[in-house]
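Listed below, chain by chain, are the residues.
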Amino acid sequence: MILLPYGNGIISRTYNDGNFKIDDSRFSWDTYSIVFQGFMNSKTFAQLQAKYPYYQEVFQLLYQNYQVVPCSSSFRFK
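Now for a quick tour of the structure. (Residues numbered from 1 in each chain as written. Predicted model: local features only at pLDDT ≥ 70, side-chain atom pairs only at ≥ 80, totals over all residues. Heavy atoms only, no water.)

### So, the packing of helix H1 (residues 42-51) against helix H2 (residues 56-64)
Applicable threshold: Under this scheme, a helix contributes an axis fitted over its contacting stretch, all axes are lines through C-alpha atoms, and angles between N-to-C directions fall in the 0 to 180 degree range. Runs of E in the DSSP output that reach at least two residues are strands. Runs of H or I that reach at least four are helices, and both are numbered from the N terminus. In these notes the angle categories are as follows: under 35 degrees is roughly parallel, over 145 is roughly antiparallel, 65 to 115 is roughly perpendicular, and the rest is oblique. Less than a right angle of anticlockwise turn of the near helix away from the far helix marks a crossing as left-handed, whereas a clockwise turn marks it as right-handed. We call two residues in contact when some of their heavy atoms are within 4.5 Å. Each residue is assigned to one class: nonpolar for Ala, Val, Leu, Ile, Met, Phe, Trp, Tyr, Cys and Pro, charged for Asp, Glu, Lys and Arg, and polar for all the others, Gly among them.
Where H1 contacts H2, the axes come no closer than 9 Å and their chain directions differ by 165°. Classified by the angle between their axes, H1 and H2 sit roughly antiparallel to one another. Viewed along their axes, H1 and H2 form a crossing whose handedness is right-handed. Counted together, Ser-42, Phe-45, Leu-48 and Gln-49 of H1 and Gln-56, Phe-59, Gln-60 and Tyr-63 of H2 form the full contact between these two elements. Looking at the contact of H1 with H2 residue by residue, the classes come out as four nonpolar, four polar and no charged.

### Remarks on the layout of surface pockets
Selection criterion: Grid spacing is 1 Å over the protein atoms alone, the probe is 1.4 Å, and a cavity is where that probe fits but cannot get out, while a pocket is an open set with protein on both sides within 12 Å along at least five of seven lines and lining residues have an atom within 4 Å of a point. Grid points are joined across faces, edges and corners, and a volume is the space filled by probe spheres set on the points.
Its boundaries defined by the atoms lining it, the largest pocket holds a volume of some 160 Å³. For the lining of the largest pocket, the element with the most residues is H2, which contributes three residues. Of the residues that constitute the lining of the largest pocket, the class distribution is six nonpolar, two polar and two charged.

Written out as structure tokens, the structure is:
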């Protein structure tokens, strides 16, 4: 809920093994990395996996970048 209003400005990046190439304007890539522009929710993730099954691992890595990392309130960051 917190990220949704800023979804278009969020960028997720993962490594490129050199084989990535799809026709989707939300993605860009170079020799070293793959970038997804926007918020990847579970629906988008599932759609991408269904449309481009060869790249499921790439989508999984990008999707994991959006996951919440829980931490204890015992750790106080200053």
